[in-house]
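Close look at the chain arrangement
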Amino acid sequence: MVEDIKKSAEQKMQKSLEALKTDLAKVRTGRAHAGLLDHVMVEYYGSMVAVNQVANVNLGDARTINVQPYEKNMIAKVEKAIRDSDLGLNPATNGDLIRVPMPMLTEERRRDLTKIVRTEGEGAKVAIRNVRRDANDALKKLIKDKAISEDDERRAQEDVQKMTDKAVAEVDKILQQKEADLMAV
């Protein structure tokens, strides 16, 4: 039972880390990367789908993303979806290819993005600490039910705390990398 609780807590912490990485991938740095448009949705025959489902998304160069819709009638819709997204991008159509140039980030915008990144990181830390709290509550319930001894509970709580510390340190490392990416000119 104790092992199940620890395993469950560890899996939830890993999911929190993955969610943080996914959220941070959406924060635009000065460089182009194809994953930037993953969360941009476009209407395709009545349903909303991701741009990468209706178009080939790849890099033209370090500052340009090329988007090539599979169908000609989707060019205008994809361009509009990219323009209307919250990324602040201005796509340009060139025949059947949409070029999305990445504008330079101003110092002020970099600082704003750094604040957003820190907020995302803090949210991930809170999620990890909530997982720790849930695991500790489950352990206390086992003690109350006399399923485990207090020594086992204390050891398990220490293990959960070590997992929490490791996960929080990982969050800090990820944030440090992302902030360095943002502040690099």
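Predicted model only: the values in this text are computed from it and were never measured.

**Considerations on the domain arrangement of the chain**
- Split by domain assignment, the chain resolves into domain 1 (1-27 + 106-183) and domain 2 (34-101).
- Of note, the centres of domain 1 and domain 2, computed from C-alpha atoms alone, are 34 Å apart.

**Looking at the side chain of glutamate 79**
- Counting through the fold element by element, glutamate 79 comes out in helix 3 (residues 75-84).
- Take glutamate 79: its relative accessible area is 16%, and that puts it in the buried class.
- There is a polar contact of 2.6 Å between the side chain of glutamate 79 and the side chain of threonine 93.

**Examining helix 3**
- Here helix 3 has its buried residues at Ile75, Val78, Glu79, Ala81 and Ile82. Axial view of helix 3: buried residues confined to an arc of 160 degrees, hence all on one face. Relative to its buried face, helix 3 has exposed residues pointing more than 90 degrees away, namely Ala76, Lys80 and Asp84.
- Tucked into the core, helix 3 has its buried residues touching strand 1 (41-44), helix 2 (51-54), strand 4 (64-69), strand 5 (92-94) and strand 6 (97-101).

**Notes on the packing of aromatic side chains**
- Counted according to the given criterion, the structure contains one aromatic pair.
- With a centroid separation of 4.7 Å and 70 degrees between ring planes, the pair formed by tyrosine 44 and tyrosine 45 is classed as edge-to-face.

**Some points on the sheet that holds strand 6**
- Strand order across the open sheet formed by four strands is 3-4-6-5, with antiparallel pairing between neighbours. Each end of this open sheet is capped by a strand with a single partner; those strands are strand 3 (55-61) and strand 5. Strand-to-strand, the axes of this sheet are offset by a mean angle of 30 degrees, without reference to chain direction.
- Pairing of strand 4 with strand 6, which is carried by four bridges, proceeds in the antiparallel orientation. Its bridge partner being in strand 6, valine 67 is matched across the sheet by isoleucine 98.

**A closer look at the packing of helix 4 (residues 107-144) against helix 5 (residues 150-183)**
- Relative to each other, helix 4 and helix 5 sit at 170 degrees, their axes nearing to 10 Å. Taken together, the axes of helix 4 and helix 5 lie roughly antiparallel to each other.
- Here the residues of the contact of helix 4 with helix 5 sort into 15 nonpolar, six polar and twelve charged.

**Remarks on the side chain of lysine 125**
- Within the fold, lysine 125 resides in helix 4.
- At a separation of 2.7 Å, a polar atom in the side chain of lysine 125 contacts the side chain of aspartate 172.
- Leaving out residues up to four positions away in the same chain, lysine 125 has contacts with Val168, Val171 and Asp172.

**What about the pattern of salt bridges?**
- As enumerated under the stated definition, the model contains 14 salt bridges in all.
- The shortest N-O distance in the salt bridge between aspartate 159 and lysine 6 comes to 2.7 Å. Linking aspartate 159 in helix 5 with lysine 6 in helix 1 (residues 2-25), this pair joins segments that are 153 residues apart in sequence.
- Residue lysine 6 is classed as buried on the basis of its relative accessible area, which comes to 15%.
- Across the pair arginine 83 and glutamate 79 runs a salt bridge, and its minimum N-O distance is 3.2 Å. Pair noted here: arginine 83 and glutamate 79 are both in helix 3, with a separation of four residues, about one helical turn.
- Taken together, the shared-partner salt bridges connect Glu3, Lys6 and Asp159 into one network.

Reading the values: rules and limits
- Residues numbered from 1 in each chain as written.
- Predicted model: local features only at pLDDT ≥ 70, side-chain atom pairs only at ≥ 80, totals over all residues.
- Heavy atoms only, no water.
- Domains from an automatic or database assignment.
- Helix = DSSP H or I, 4+ residues; strand = E, 2+ residues; numbered from the N terminus.
- Buried < 20%, exposed > 50% of the residue type's maximum accessible area, 1.4 Å probe, protein only.
- Polar contact = N/O pair within 3.5 Å; in protein donor to acceptor, adjacent residues only side chain to side chain.
- Arc of directions from axis to C-beta.
- Contact = heavy atoms within 4.5 Å.
- Phe/Tyr/Trp six-rings, centres within 6.5 Å; stacked < 30°, edge-to-face > 60°.
- Pairing = 2+ DSSP bridges.
- Axes fitted to C-alpha atoms, helices over the stretch in contact; angles between N-to-C directions.
- Parallel < 35°, antiparallel > 145°, perpendicular 65-115°, else oblique.
- Nonpolar A, V, L, I, M, F, W, Y, C, P; charged D, E, K, R; others polar.
- Salt bridge = Lys/Arg side-chain N within 4 Å of Asp/Glu carboxyl O.

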